Structure formats: structure tokens, C-alpha cells
Amino acid sequence: MKVKIKLDCIMPVFETLISDKLTVVLDIGAAFTKFGFTGEFAPRAIFRTEVRCKRKNQMRRIWDFESVDDLYDLLVEFIYNIYFKFALLSPKDRPIVVVESLLCPTLFRETLAKVLFSHYEISMMFTLPSHLVSLSSLAIETAMVVDVGYKEAVIIPICHGIPLIEAWQALPIGGEAIHNNLRRLLDSNNTGIHNLPDSIIEDIKIRCCFVTEKSRAEQLASSKSDISVCPEVKYPVEGTQSILVSGKVREKAFEILYEEDNDHLCLSTSILDALLQTNMDLRYKLAENILLIGGTTMAPGFKARLKEELEKQLTFDRYKKLNIKTFAFHVPPCKENYAAWLGGAIYGATELLNMKAVTKEFYFKENRLPDWANLKDNIRNI
Amino acid sequence: MSYIITPDIVRYACTCGLLKPISNLYFCRYCTQLRCSFCVCHEVDTNFCGKCSENIPSSEARVKKNRCGNCYICPCCEQELSTRIASTKTLSDTEDTKTTPKKMYYLSCQFCRWSSRDVGIPDQSTVTGGWPERENVHANQLQELVDMYKAIVLAQKQQQEKDKKKQRGKYLSYTDRTGVTAAALRKRIGLPAELTHPLLRSKPKEPEPAVAKTEVEKLPIELFTEPINLMDITTVDQRLLQPEAQPTTVDKLFPVHKQLSIKRTLRCKSCEHNVSKPEYNPSSVKFKIQLFAYYHIPEVRIVTVEPLRAGQSCELILKFTNPSQHQTTITILELNLEQQEVEEAEVAPSFDNMENLSLQEKQQMSLPSMLSQPSSLMSMSTRSPTITVKPRKISENVNCDVDVPSSTFILPPRDDAAEYDDSGDTHNIQDDTKLVKWRKSNKAYVKLNVTPKEDLGLNSDVVCGFTMQHVYTNTITGQMDKKEPQKYDHKVKVFLHLGKLVGSE
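Just so it is clear, the model here is predicted, and its values are computed rather than measured.

Asks: Would you take a moment to explain the pairing of strand 8 (residues 143-148) of chain A for this structure?
Replies: Looking along a regular strand, one sees the side chains alternate between the two faces of the sheet. Residue and element names in this part refer to chain A. The element strand 8 is largely enclosed, with a buried count of six among its six residues. Of the two faces of strand 8, both are covered, the one formed by Ala143, Val145 and Asp147 as well as the one formed by Met144, Val146 and Val148. Where strand 8 lies against strand 9 (residues 153-159), six bridges are found, and the strand directions are antiparallel. Counted as the bridge partner of Val145 is Ile156 from strand 9. Taken together, strand 8 and the strand that follows it, strand 9, pair antiparallel across an intervening segment of four residues.

Here is the structure:
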């Protein structure tokens, strides 16, 4: 009896909280997906963007899809897991906020929309550009947003709340490139152990490796180095064996980010290239407002090294005309890997959701999502 | 039983075009169609905690962020933590021997030996808790920001609406025509003369923009000299288990509330009836509604297959079991994927119409009763109509022909008591002895001749298929004047994986 009374007292409190509906915010990354609700300040869960393939009984990454139909099936399964494992909601007739890169392939976003609208029958889909919305937690309007994720690093300057798409830069250097580099380094050091799964490589990267200082990196790269390398780590594998992660490997794993390729491009040059593409009057402001997002930027020493590299590049003729003296970095009030998600959660909490989202009616009339690359949606500029 | 799990030897084609074993299919009695998990609508029925088996109302689950308030999982290995009683005795008062030792509790993981003492959480005096919760350090700052953004957007929206209103009312206002201005009118009524819009007066506060720093966090120097202990550094999964904090070292791992689980209700997308509804009690594995295909569609199992040789006819014995309470007649028809696909596409719209018609009729018929009492049909019609997705093409590579038998056979109804009946088979069923080899109670063993295609290579998987037509007896008494069960001819496409092709003798 006592319990019953107590429950009755509690119930009205809950009742008032029900009134505002929960809206799912999704940021489907190449490696990890961030999931949460609008108005909250951290994702409820961050998990790998993969589903179990029933036919082969192994995990499959969503982005490794073979065809449109394959992607459709993968996404159906993936969204199902999100809603019934984490959100614990029925997706039907509810809005959803999706944070995506401006360079997201049309095939992917259209298929995602199809899955959400026709398979899960959501009421509204609000797509937000990840670079732009990540600024919302800082309340700034102009910044150089550098997103270093798993597949690629994408740099898009934002000026007064408008992404300057003409200045975008992207390089295939991200978590995956680092994994490949680390795998190569480990293979050359350890005979006998090959074909380590990606999860172990990732774990070695996270727990052992760091972005070293520029001076040390140059020393390590040269044939005769007189610096003492950092201590080696014995990484246990499969219970009995172990891999020797030498000090050199620990420091060199991230070097792929700053090794210039055949076109003389690396992470630091592409940031400066993006700056070169922008209006002269904006360059100072952009250089003094750099925001780093994406999981790879969380590596120890990443920011310090990037600053060093940027300053070094300025001394070269290529970038002399920029006339930039200082670089300043923003510290978002969250972890970098969910900075874009947080932006989506903030945008989704406002009335914008009802004002700008693509409704079910619109989608089934047009059978497509509005896109910046589509002239039909950009008719005003012509 | 083992075949129910894997591999899928016998698969049925669902209405949506996917192939599933019968154990994974549902049968909607209202549309008399097969459904599978892909083509039904999933809904969350109840929330519960998998550890303490307690039902949690959805409102409470929402407040607790879909996590159980009392159960924790290990931040190291994600197993459930158990509460342990501390063995330490209170030695504060040695003189007073009568003091009852105070029980203290801590959390510990039975699998990886992690305990709440490892990270310095003090032992608690109550079993359920008061375990310290971690707060987001940026929460206040971000909350302020969100409130400001909300106000700004709201102001924008209201301004937009106001602008719209103004434009519309420009030439329609009577006061403008008569010369009596709004201000004069206000004065006459006795209101203050100037009333600015409240939003114009108090502009929403603009948030303070963040300032970038030229100083960046330095790489700790110790990394170059100090050896690292792998046991102290967390893995990716451990970090992401706590998305807010993402601790990098083990000493910052805090116990995590257990994620709740759900029970699902499955609803047929075309008729909105439930095909599966679980019981409320989380520890019960029973269902309130369970329209599994297993209870309605005859089950096919392979008994024996002769060695399969390319181009040669071989004998296949199948067992058909009737799970329903009604006698059924089974006809084996030829499987023609191409043709059926076209047929289905053509039939689909007209079929929909028919369904709609029958639904309307149903509603008309039940109208008098609906007037007297609110029927569930009324509430159903308020639900937004579902979108029908075109069935996809069946993707199965059939490489074996089946000789379609000319005769049909009868399956008697399932009788649970038959197992204890020693009197033998007393069915007076005239069977085609070429087709039916043997029968017992509700089962029949049927011989089919199959011929793998000529051009098949050695060791290739042989797949055959046929359409099984059976008489389905619908026992729903919903239809007003038809009290006796209705009979339908229901067709299902069945695909059999017969095994590998062997070489010629």
C-alpha cells in the first residue's frame, strides 16, 4: 500500500516531462555512429557503424556497401538496432535529426532518407551540415572547421554562418590511413604476426601511439638519429603471443598525416590551401578561429603538432602571401569525436526542427532530399 | 530441432519477397499473408531491466535515460556488477563490544575482478545505492546556450508570422479606411497608447562567442621517457561506454547504469493488426498474440534425398505436417519465378483495392454496433496510413526441376492426443500411392522426383522450389454473419536446399 501511494506521488512529475517529445539525433560516421536525443549534451551511445550480416555471420561496415539495395538492407538493420536497442522508441511518426558531412555521397543520403521515410515511416527528417553545426556549441559564426575522421580529413571554412563550399579541401588521411601505416610499421618490425584484425590495430593506436613533436619526427625520419626513442610496449595478442610495439613505431604511426604526397599535400597544407581559397579579408579571422573535430584529432599531441606544422608551412614560398602570423584554436565544450553531434542536438532542440525539416509529405511528393548540389534547391543564386 | 536455428535448409518466400525459415515468419490471419520481421511494423511495448527483471514504465525510463536505476554494468568488461558486502569490521569503538557491525556495500565484477574500490568510490551504507553520478562539466554553459538559441529562433519565427499577418491585413483593415487609426482606437477603449510588441522591446540575448586560444595542449613530456603500462590505459570500447567523459585511464572508470531492454509488438503494415504481442511481465516468455506461421502453414521437412546427379532424376522424400486444427489439402504447383513476379506486380494494386473494399464492407456491416459502443476500428482509422513497399524480387538461384505431381493429398488436423493413441492410423483417406508414401496422424511423407539441371558443376549447391497450395481455414469470427470458418486457398513458395551435386557413378 505504501508503495502505491509513493508511486502516485511520483507519477505526475513524469507526466509533465512527457510533453516534450524525444527526437533522435544521429551522426553516422565512417567508423563510429553517435546517437542521442535533442537538447542533451552528450550522445547516449557511440558505437561502430556496422551490423551483423546474418548470411555470413560477421560484422559488416555500413560504408562498405556493394550496391544500393545492399546499402538499403544494411541501413534497415542498422536503424533498427539504434531504435530498439538504444532509443527504445518506435520510429514511426517521429522526427529525426541527421548530422552529415556536406560531402556525403548523394547515394548514401538518399538511401538513408528512403529507409527512414518508407521503411520506418518517420514524420520529418532534418539534415544538418556537420561543419556548420559544430560551431553552435561555441556560439561563433566564423571558423575554419577541420574534421579529421576515419576515412578522410575534410576542411571547410565557415564565414558568418555560411559554409564556403568553394574553398573545401579533403584528403584521404584519417583513422584508416593511420591504421594502414601502423600495420605496415608493425609488420616490418614483427615477423610472424600478420593480418592483425582492424580492432587490434585500432587498440594499439589508441593505447600506445601518439603524435610526436616536429623536431623529433624529423630526426626519426632521417637515417642517423641521435635521439633516444621512447620506451617500447609489449602488446599481448591472443593470450600467449605478444607484439613488440617499438618506440619508433609509437611515434611514427601518426606521421602519415604530415607526409606530403605526390601533389605535396598533407593535413597542414590543405588547411592553408583552404585559407588561400577564401577572401583575403577573412583569412586572419579564419586562422585565428580553427576548430578541430573528429575522433582522430583526440590523439595526444595532435593539436600541438598541427600548430607547429602550420607555422612551418607559412615560412615556405607557397604560403608566404597569406601573411598570417598566428593560429588560434577553439576548445569545444565536449569531446571532439561528438562535436558535430552536439551541434545537431542543439539545432534540433530549437524550433528550427519544425521550420526547416523535410516532411513526409514533401519527400513523397518530390521523392528526394533537398541538397546544396542540386540546382533545383539553389534556384535563388542563378 | 537443430535445423530451426541454422542452416536454413527449407525456406519460405515471405510476401515481401525475402526468404526465411518458417520459424522466422508470421502469418497475418486478417490478410491471410505471410509476414516477416522485415515487413511488419515494430513497436516498443514495454521497457524492462534485463538484470532485475523489473518493468519500467516508459515515462520513468525516459527520465532515467533508458537505464536501470539500480543495476550497474562493469566499465571494464560490460558485464553486470554485483553488490558485495564489505567484510571490514567497524573498529572505531573497541571498548563498546555491543556495537552492531555496520554493513557496507561495494560493487564488484565477477568476471574481470573490477570493483568500485579500485577507482576510489567509497563504500555505501545501503544496498541500492547512492552511488555517485558524474555530471557533465559543461552542462550549465550548454544549457544557457540552448535556451538562448531557442529564444532567438522563436523570435525569428514569430517575426515571420507577424510579417505575414501584416501583409495580409494591409488593405483589409476598416480602421485605415475610416481614418480611425489603431492608436486612436486604443485611446478610446482606454488602453495605453503605444504598445510595442513584447519581442521588439526585449530582444533575445545573444550568446557570448567563445574565444580561441593560441596556446594548445602540449604533448606530455613523460611519454618520451616513461614506459607506459597498458593495463592503465583504457580501450576504445571502454572509453565509448561513457561517451560524456571518455576516460583515457583506468582510474577514471565509473560504474555504468545498465541499459534497459524492450519487448516489441509487431503489427502487420497493411491491416494494422498485431501479429505478435508479448505478455507484460518481463520474466514471462509467453505471448498475448502470436500469429506465427509455424502454427498456420504446413511445415515442410526433408526426410531423404537420393544422391544428386546433374540431369538425372532422383527421389526426394518430404514430410508435410499440418499444424492447424483443421483439415487441409495440399497441392504442389510449379514454381515460376518470372511469371509470378509479373503476376504479383499486376495483381498488387487490384488486390489492395479488394482489401480496401472488404474493409469498407466490414465497417459498414459493423456500423450499427459501432454506434452503440466505440469500436477499436474507430481508433484504428485515426492512425496515419502506412506506406506500402513494393515486394522485391525473390533472389534465389533455382537450379533443379521438380516433377509436379498431378494429384493432391490431404493432411488431417493436428491432434495432441494422437501421440498416446496406440490404435494406429485409422484415417480413411484415399491416397495416391505414387505420391504419398506413408502417413501418421497429421503428417504425410510425400515422394517427389527432382532433376538437377544438366549444366551444373560438381559440388554446386542444388536448390529446388515449388509452390505449395494449401487450404487455410480462417477461424476469425469477426465477420458478422459468417459464423462458420472460411476456407482459402493459400499459396506459399517453398525453397529447398538439397545439398551438393555429386559426380556420375
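Asks: Which parts of the structure should I look at to understand the nonpolar core?
Replies: One recurring pattern in soluble globular proteins: nonpolar side chains tend to sit buried together. Grouped together as the largest cluster of nonpolar side chains are 90 residues, with contacts concentrated most on Phe35(A), Met125(A), Tyr12(B), Phe320(B), Phe409(B) and Leu496(B). One finds Met144(A), Ile201(A), Val237(A) and Ile290(A) within the second-largest nonpolar core, a separate group that totals 55 residues.

Asks: What am I meant to see in the sheet that holds strand 11 (residues 261-268) of chain B here?
Replies: Strand pairing within a sheet occurs via backbone hydrogen bonds; the two strands may be parallel or antiparallel. A sheet is described by the order of its strands in space; here five strands give the open sequence 6-5-11-12-13 (chain B), paired in antiparallel fashion. The open sheet has two edge strands, strand 6 (55-56) and strand 13 (287-290) of chain B, and neither has a second partner. Pairing geometry for strand 12 (residues 274-278) of chain B and strand 13 of chain B, over three bridges, is antiparallel. What sits directly across from Lys277(B), in strand 13 of chain B, is Ile289(B). Across the sheet, helix 2 (residues 68-87) of chain A touches strand 5 (40-48) and strand 11 of chain B, and the angle it forms with strand 5 of chain B is around 25°.

Asks: Would you mind going over the packing of helix 5 (residues 175-189) of chain A against helix 6 (residues 198-208) of chain A with me for this structure?
Replies: All names here are of chain A. Where helix 5 meets helix 6, the closest approach of the two axes is 10 Å, and the angle between their N-to-C directions is 90°. Compared by their axis directions, helix 5 and helix 6 come out roughly perpendicular. Contacts from Gly175, Ile178, His179, Leu182, Arg183 and Leu186 of helix 5 reach helix 6 at Asp198, Ile201, Glu202, Ile204 and Lys205. Looking at side-chain class alone, the contact of helix 5 with helix 6 contains five nonpolar, two polar and four charged residues.

Asks: Can you help me understand the interface of chain B and chain A in this one?
Replies: In many reports, interface size means the accessible area that the parts give up when they come together. The partner chain A presents 84 residues to the 71 residues of chain B that form the contact. For the pair chain B and chain A, the two sides together bury roughly 6,500 Å², of which 64% comes from carbon and sulfur. Between chain B and chain A we count 18 residue pairs in polar contact (both at pLDDT 80 or more) in total. Counting only elements with at least two residues in the side of chain B that touches chain A, the list comes to strand 5, helix 2 (58-63), helix 3 (139-169), helix 7 (222-225), helix 8 (236-241) and strand 11 of chain B. By residue number, the principal contributor to the side of chain B that touches chain A is helix 3 of chain B, which donates twelve residues. A per-class count over the side of chain B that touches chain A returns 34 nonpolar, 17 polar and 20 charged.

Asks: Mind showing me how you'd approach the confidence of the model for chain A here?
Replies: Detailed conclusions should not be drawn from predicted coordinates in areas where pLDDT is low. Residues and elements named next belong to chain A. In this model, chain A carries an average pLDDT of 87, and 93% of its residues clear a pLDDT of 70 or more. Mean pLDDT per element in chain A: helix 1 (residues 2-18) is the minimum at 42, and strand 1 (residues 24-28) is the maximum at 95. pLDDT under 50 marks residues 1-19. Its contacts with residues more than four places away, or in other chains, come to seven contacts.

Asks: So what exactly am I meant to see when it comes to the pairing of strand 21 (residues 461-474) of chain B here?
Replies: Residue and element names in this part refer to chain B. Counting buried positions along strand 21 gives 13 out of 14 residues, so the element sits mostly inside the fold. Relative to strand 21, strand 16 (residues 328-333) runs antiparallel, the two being bridged by four bridges. Opposite Leu333, over in strand 21, you have Thr467 as the bridge partner. Pairing between strand 21 and strand 22 (residues 486-500): 14 bridges, direction antiparallel. For His470, the partnering residue across the bridge sits in strand 22 and is His490.

Asks: What is the right way to read the packing of aromatic side chains from this model?
Replies: By convention here, two paired aromatic rings are described through the distance between centres and the angle between planes. All names here are of chain A. For the structure shown, the criterion picks out 19 aromatic pairs over all chains. Their ring planes at 40° and their centres at 6.3 Å tell us that Phe35 and Phe86 sit as a pair that is tilted. Note that Phe35 is positioned in strand 2 (residues 32-37) and Phe86 in helix 2, a separation of 51 residues in sequence. For the pair shown, Phe35 and Phe86 are each scored as buried. Plain terms: the ring middles of Phe117 and Phe364 are 6.4 Å apart, the flat faces sit at 75° to each other, and that makes the pair edge-to-face. Of the two residues, Phe117 sits in helix 3 (residues 106-119) while Phe364 sits in helix 15 (residues 360-366), which places them 247 residues apart along the sequence. What makes Phe117 buried here is its relative accessible area of 0%.

How each quantity is defined
Residues numbered from 1 in each chain as written. Chains lettered and ligands numbered in written order. Predicted model: local features only at pLDDT ≥ 70, side-chain atom pairs only at ≥ 80, totals over all residues. Heavy atoms only, no water. Buried < 20%, exposed > 50% of the residue type's maximum accessible area, 1.4 Å probe, protein only. Helix = DSSP H or I, 4+ residues; strand = E, 2+ residues; numbered from the N terminus. Pairing = 2+ DSSP bridges. Core = buried A, V, L, I, M, F, W, Y, C linked by side-chain atoms within 4.5 Å. Contact = heavy atoms within 4.5 Å. Axes fitted to C-alpha atoms, helices over the stretch in contact; angles between N-to-C directions. Parallel < 35°, antiparallel > 145°, perpendicular 65-115°, else oblique. Nonpolar A, V, L, I, M, F, W, Y, C, P; charged D, E, K, R; others polar. Buried area = accessible area lost by both parts, 1.4 Å probe. Polar contact = N/O pair within 3.5 Å; in protein donor to acceptor, adjacent residues only side chain to side chain. pLDDT = per-residue confidence, 0-100. Phe/Tyr/Trp six-rings, centres within 6.5 Å; stacked < 30°, edge-to-face > 60°.

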